[in-house]
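If you want the building blocks of each chain, they are given just below.
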Amino acid sequence: MTTQLQLFTAAWCAPCRQIKPRLTALARRHSIPLDVVDVDQRPDLATQLGVMSVPTLLGWIGDRPVDMRPPTLPRLRELERQIEEAAA
């Protein structure tokens, strides 16, 4: 099962600063690769993947795509439930 996540952020984004540590902890807990992408440093990648606002979370849990625009705390709880179900 492939699970990977990409969090698109920006240094100036207050919601990004709130969600990043929580998502990082979730990824560590479940040994999931998390790629944090600053859209100001990688606008090409953000454009290629259709990221129009930050924070945005994209990725895969097994064969299911993850698309959270924006990732909120309730959505992160739902994401963790999906990760746990996929691992079972």
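Quick caveat, the model's predicted, so the values are computed rather than measured.

A. Quick look at the overall build of the protein chain. A tally of helices and strands in the protein chain yields three helices and four strands. N-terminal to C-terminal, the α/β element order of the protein chain is β-α-β-α-β-β-α. Compactness check: the protein chain gives a C-alpha radius of gyration of 12 Å against a globular reference of 12 Å for 88 residues, within 12% of the reference. In terms of its C-alpha atoms, the protein chain occupies a principal-axis envelope of roughly 35 × 25 × 20 Å. Relative to its full complement of 88 residues, the protein chain shows a buried share of 39%.

B. Structural detail: the sheet that holds strand S3 (residues 56–61). Taken together, four strands build an open sheet; the order of strands is S2-S1-S3-S4 and the sheet is mixed. Looking at which strands have only one partner, the edges of the open sheet turn out to be strand S2 (34–38) and strand S4 (64–68). Taking each pair of neighbouring strands and ignoring which way they run, the sheet shows an average axis angle of 10°. Strand direction decides the pairing type here: strand S1 (residues 3–9) and S3, joined by six bridges, are antiparallel. Considered in S3, the bridge of Gln-6 is made with Leu-58. Sheet strands touched by helix H1 (residues 14–29): S1, S2 and S3. Its angle to S1, the strand with the most contacts, is close to 165°. Each of S1, S3 and S4 is contacted by helix H3 (residues 73–87), which is oriented at about 10° to S3, the strand it contacts most.

C. Looking closely at the environment of Cys-13. Relative to the elements of secondary structure, Cys-13 occurs in the loop between S1 and H1. Cys-13 sits 20 residues away from Pro-33 along the chain, and the two C-alpha atoms are 22 Å apart. Not counting the four nearest positions on each side in its chain, Cys-13 is found in contact with Val-54 and Pro-55.

D. Representation of the packing of H1 against H3 within the structure. Closest axis-to-axis distance for the H1/H3 pair is 11 Å, and the angle between their directions is 10°. The orientation of H1 with respect to H3, classified from their angle, is roughly parallel. Contact residues: Ile-19, Arg-22, Leu-23, Leu-26 and Arg-29 in H1; Leu-73, Leu-76, Leu-79, Glu-80 and Ile-83 in H3. In terms of residue class, the contact of H1 with H3 is made up of seven nonpolar, no polar and three charged.

E. The arrangement of the confidence of the model for the protein chain in detail. A residue-level look at the protein chain finds 99% of positions with pLDDT of 70 or above and a mean pLDDT of 90. Of all the helices and strands in the protein chain, S4 carries the lowest mean pLDDT, 84, while S2 carries the highest, 96.

Cut-off values and rules
- Residues numbered from 1 in each chain as written.
- Predicted model: local features only at pLDDT ≥ 70, side-chain atom pairs only at ≥ 80, totals over all residues.
- Heavy atoms only, no water.
- Helix = DSSP H or I, 4+ residues; strand = E, 2+ residues; numbered from the N terminus.
- Rg over C-alpha atoms; globule rule 2.2 N^0.38 Å.
- Buried < 20%, exposed > 50% of the residue type's maximum accessible area, 1.4 Å probe, protein only.
- Pairing = 2+ DSSP bridges.
- Axes fitted to C-alpha atoms, helices over the stretch in contact; angles between N-to-C directions.
- Contact = heavy atoms within 4.5 Å.
- Parallel < 35°, antiparallel > 145°, perpendicular 65-115°, else oblique.
- Nonpolar A, V, L, I, M, F, W, Y, C, P; charged D, E, K, R; others polar.
- pLDDT = per-residue confidence, 0-100.

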